[in-house]
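What follows is the residue order along each chain.
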Amino acid sequence: MVLAAGAPAALAQDAAASTVGGERLGRPAVQVAPLAGAPALPAELTGRSWLIADAGTGEVLAARDAHRPMPPASTLKMLFADTVLPKLDRSTEHQVTPAELADLGVGSSLVGVKENLPYRVEDLWRGVFLSSGNDAVHVLAHMNGGVRQTVSEMQARAQSLQARDTKVVSPDGYDMDGQVSSAYDLTLFARAGLRNADFRSYCATRTARFPGGLDKATGQRTAFDIANTDRLLGKYPGLIGVKNGYTTNAGATFTGAAERGGRTLLVTVMHPEAQGKVYDEAASLLDWGFAAAGKVQPVGQLVEDLGAPKGAAKDGAPGAPTAPADGAPHAAADNEADLPPWSRTPVLDGNDSVLAPALWTGAAVATGLAVWGTARTAARRRTTPSTARTAATAPEAAMPADGRTGADRIGATGVGATGLGRTSRRLTRRARALLRGTRPRRDG
């Protein structure tokens, strides 16, 4: 009887312990741990689920029902971008086919992609981030191998990010039976995306020109303006992005990031009482988060990407961007100065700074080997005085095609084989000494 009575309690403890990010994040009530002098949370927070966290440390400052599975609407496009954006070269031009636009949900948000016309990948991504265009999502998904494959890859990416509340059914976030995510998972998607310079650039873009159809009179391609539907972008100080959404089932959803005083905060609000309140509540939570810095204890933690390369993080910062597996160009590597400090590639210093000496040593070794090889060739081609005279008096037709004599081929500096041999041995010894001197030291 004792065992039977204790079993439910044990199961509850196991479930709490398995909550991603910490036990308190699994509770439905508001979770906050204020210290002395901490500001009070905003009074009017109607979102059914929300979370505010420090992007750099991953500390969750406050939350309500953070793991509650709910329809995500277009905020799921952050996971789509996390999955597909690194795989496609932004400069690639793609001819859109009718089949790629055939299965869009009724009432989908569209940017205005036209069939049988070419589009650059970077324009399609602007359509995704600014206009939340499901048509642009479907074209990119087909470029990635199809909608079904993209959904499977998105689910795998969610697992890599430890976003266990997320079930992907469509790549665009359109209302589908069983498709859910959570405030916690959406925040993970945003944090991962902001490590990619292209993602960060697209979500911060306020307006852009998008390719239109063909002008019947001139036959020329037209273009039109599109604007970011994120109502906080350009209005909330320091806002970086990230993505908003709305569907009948999801209500309003929003995940945003803002930077102030060297600190970047992430906020997610899902399904407040009224659609327009999602921005007000997100802004008030960001205000509170910046004011509460250092005055609250964390109630949980944003977990790290299991697929990130080991050693890419430093001082508790998330890992830096990685190159795509297929070798496609990745703008993040070229634009790393645009990334937030907590997601740039670490710079080695002190005793670990072995890159420059290693290149130095490689150059010395290469030089020594080159001289040694030249010396061996010279030794094989040494000629007697009579042979040299014969070569000097031979007709021009007998000269090598490059017009150089045997003496020229030994070396224009006049260094003989013996001298070259001594030089190569000295360089080789010096290269070996440098190599021994630049091996990284191990502590302990």
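Model, not experiment: these values are computed from the prediction. (Residues numbered from 1 in each chain as written. Predicted model: local features only at pLDDT ≥ 70, side-chain atom pairs only at ≥ 80, totals over all residues. Heavy atoms only, no water.)

## A word on the confidence of the model for the protein chain
On average, the protein chain scores 78 in pLDDT, and the residues at 70 or more come to 66%. Confidence drops under pLDDT 50 across residues 434–444; counting only partners more than four residues distant or on other chains, this segment forms nine contacts. (pLDDT = per-residue confidence, 0-100. Contact = heavy atoms within 4.5 Å.)

## Observations concerning the pattern of salt bridges
A complete count under the given rule lists 16 salt bridges for this structure. Asp198 is the salt-bridge partner of Arg90, the closest N and O atoms lying 2.7 Å from each other. Highlighted residues: Arg90 in the loop between α2 (77–84) and β4 (93–95) and Asp198 in helix α7 (residues 197–204), separated in sequence by 108 residues. On the accessibility criterion, Asp198 (6% relative accessible area) is buried. We note a salt bridge from Lys277 to Glu273, for which the minimum N-O separation is 3.7 Å. According to the relative accessible area criterion, Lys277 is partly exposed, its value standing at 31%. Judged by relative accessible area, Glu273 falls into the exposed class, the value being 64%. Each of the salt bridges in this network shares a partner with another, and the network as a whole consists of Arg90, Arg120, Glu122, Asp123, Arg126 and Asp198. (Salt bridge = Lys/Arg side-chain N within 4 Å of Asp/Glu carboxyl O. Helix = DSSP H or I, 4+ residues; strand = E, 2+ residues; numbered from the N terminus. Buried < 20%, exposed > 50% of the residue type's maximum accessible area, 1.4 Å probe, protein only.)

## Here we look at the packing of α2 against helix α4 (residues 134–143)
Running from N to C, α2 and α4 cross one another at 25°; their axes reach a closest spacing of 12 Å. When the axis of α2 is compared with that of α4, the two are roughly parallel. Taken as a pair, α2 and α4 cross one another with a handedness that is left-handed. Counted together, Lys77, Phe80 and Val84 of α2 and Asn134, Val137, Leu140 and Ala141 of α4 form the full contact between these two elements. By residue class, the composition of the contact of α2 with α4 is five nonpolar, one polar and one charged. (Axes fitted to C-alpha atoms, helices over the stretch in contact; angles between N-to-C directions. Parallel < 35°, antiparallel > 145°, perpendicular 65-115°, else oblique. Left-handed = near helix turned anticlockwise from the far one by under 90°. Nonpolar A, V, L, I, M, F, W, Y, C, P; charged D, E, K, R; others polar.)

## Considering the side chain of Gln179
Tracing the chain through its elements places Gln179 in the loop between α5 (147–160) and α6 (183–193). Of the polar contacts made by the side chain of Gln179, one reaches the backbone nitrogen of Ser170; its length is 2.6 Å. Leaving out residues up to four positions away in the same chain, Gln179 has contacts with Pro71, Pro72, Leu76, Lys167, Val168, Val169, Ser170, Gly173 and Tyr174. (Polar contact = N/O pair within 3.5 Å; in protein donor to acceptor, adjacent residues only side chain to side chain.)

## A few points about helix α3 (residues 121–131)
With respect to burial, α3 is a largely interior element, eleven of its eleven residues being buried. Restricting attention to buried positions, one finds in α3 the residues Val121, Glu122, Asp123, Leu124, Trp125, Arg126, Gly127, Val128, Phe129, Leu130 and Ser131. Immediately beyond the C-terminal end of α3, within one or two residues, lies Ser132, with a positive phi of roughly 55°.

## Brief notes about the packing of aromatic side chains
Applying the stated criterion across every chain, the model contains seven aromatic pairs. Here Phe129 and Phe199 contribute two aromatic rings whose centre-to-centre distance is 5.1 Å and whose plane-to-plane angle is 85°, an arrangement assigned as edge-to-face. Here the residue Phe129 occupies a position in helix α3, and Phe199 occupies one in helix α7, the gap between them amounting to 70 residues. Taken individually, Phe129 and Phe199 each receive the classification buried, so the pair is uniform in this respect. Joined through ring pairs, the aromatic side chains of Phe80, Trp125, Phe129, Phe199 and Tyr202 make up one cluster. Sitting over the face of the ring of Tyr119, Arg221 holds its NZ or CZ atom 4.7 Å from the ring centroid. (Phe/Tyr/Trp six-rings, centres within 6.5 Å; stacked < 30°, edge-to-face > 60°. Lys NZ or Arg CZ within 6 Å of the ring centre and 35° of its normal.)

## Describing the packing of α2 against α6
Helix-helix packing is described using two parameters, namely the angle between the two axes and the distance between the axes. Running from amino to carboxyl end, α2 crosses α6 at an angle of 40°, the nearest separation of the two axes being 9 Å. Judged by the angle between their axes, α2 and α6 are oblique. Crossing angle aside, the handedness with which α2 passes α6 is left-handed. The residues of α6 that touch α2, namely those facing Met78, Leu79 and Asp82, are Leu186, Phe189, Ala190, Ala192 and Gly193. Here the contact of α2 with α6 is composed, by residue class, of six nonpolar, one polar and one charged.

## Considerations on the pairing of strand β10 (residues 263–270)
Among the eight residues in β10, seven count as buried, and that is most of the element. Across six bridges, the pairing between strand β2 (residues 49–54) and β10 is antiparallel. Bridge pairing in β10 links Ile52 to Val267. Inspection of the sheet shows strand β9 (residues 251–260) paired to β10 by eight bridges, in the antiparallel sense. In the sheet register, Arg260 faces β10, and the bridge partner there is Arg263. Connecting β9 to the next strand, β10, in antiparallel fashion are two residues, including Gly261 with a positive phi near 60°. (Pairing = 2+ DSSP bridges.)

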